[in-house]
Amino acid sequence: MSENAEANTPVQADGLVGLINQLAEVPEPVPVSMIPQTVGWAVLAGALGLALLGWVWRIWRRYQANAYRREALVALDAAATDAAAISTILKRAALTAYGRTSVAALSGDDWLRFLDKTGGAVESGFTEGAGRSLAAAAYRPGPVAAGPDLQALARHWIRNHPTAEALGGDDV
């Protein structure tokens, strides 16, 4: 029987090899498309693109609108402790932010009250504090020395004053 078993083995082996040879290659699946198949995704992508564009535009507009603040801060550093120069810098910044009709005629105590009113969190810093020297500085000959408190107060006003649009109009 062992001879018969050996005789059957090559036939069976040839049959298995033949069957294996008859097998077809498995086809690779079609690659999944990365393009969305529905219009909704395209609309969502367009809406997100427009929202991103609007956000970038808004940041750019804010950056451009605050250019006068950056310029005033650079000028303030150059003015050091000259009260007359600091007053001029504050006046230019206020003219830009609030317009000529609201600011140009202000001087003395009215000017200091305006700075206090629009200055943000610092209460009475100009009328009763370090800013008091601004009232007469523009009318004295030569540079009028002021302490570092005035420069810090002016820096705070330049950085933090709201614009006329934020206050709801031109009347300040």
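Novice: Quick rundown of the packing of helix α3 (residues 67–79) against helix α4 (residues 83–98)? Include the residues and the values.
Specialist: Between α3 and α4, the shortest axis-to-axis distance is 9 Å and the interhelical angle comes to 175°. Comparing the axis directions of α3 and α4 gives the class roughly antiparallel. For the pair α3 and α4, the contacting residues are Tyr68, Glu71, Ala72, Ala75, Leu76 and Ala79 in the first and Ala85, Ile86, Ile89, Arg92, Ala93, Thr96 and Ala97 in the second. Residue composition of the contact of α3 with α4, grouped by class: 10 nonpolar, 1 polar and 2 charged.

Novice: Got a sec to walk through the pattern of salt bridges? Specific residues and values, please.
Specialist: Summed over all chains, the structure comprises 2 salt bridges. Note that Asp77 is salt-bridged to Arg155, the shortest N-O span being 2.5 Å. With a gap of 78 residues between them, Asp77 in helix α3 and Arg155 in helix α8 (residues 148–160) connect regions that are remote in the sequence. Between Arg113 and Asp110 there is a salt bridge, with its nearest N and O atoms 2.4 Å apart. Highlighted residues: Arg113 and Asp110, both in helix α6 (residues 108–118), separated by 3 residues, approximately one helical turn. Residue Arg113 is classed as partly exposed on the basis of its relative accessible area, which comes to 45%.

Conventions adopted
- Counting of residues starts from 1 at the beginning of each chain's written sequence and follows it residue by residue.
- Confidence filtering applies because this is a predicted model: local features only for residues at pLDDT of at least 70, side-chain atom pairs given and counted only at 80 or more, and all residues used for totals across whole chains, interfaces and linings.
- Only heavy atoms go into the side-chain values, all of them from the structure, while hydrogens and water stay out.
- Orientation is described by axes fitted as lines to C-alpha atoms, over the contacting stretch for helices, and by angles from 0 to 180 degrees between their N-to-C directions.
- By definition, any uninterrupted DSSP run of H or I lasting at least four residues is a helix, any uninterrupted run of E lasting at least two residues is a strand, and each is numbered from the N terminus.
- Should an angle lie under 35 degrees it is considered roughly parallel, over 145 roughly antiparallel, and from 65 to 115 roughly perpendicular; all remaining angles are considered oblique.
- Here, residues are in contact when the closest pair of their heavy atoms is within 4.5 Å.
- Side-chain classes are defined by residue name, with Ala, Val, Leu, Ile, Met, Phe, Trp, Tyr, Cys and Pro counting as nonpolar, Asp, Glu, Lys and Arg as charged, and the others, Gly among them, as polar.
- We define a salt bridge as a side-chain nitrogen of Lys or Arg found within 4 Å of a carboxyl oxygen belonging to Asp or Glu.
- Only protein chains enter the accessibility calculation, which uses a 1.4 Å probe; a residue is then buried when its area is under 20% of its type maximum, exposed when over 50%, and partly exposed in between.

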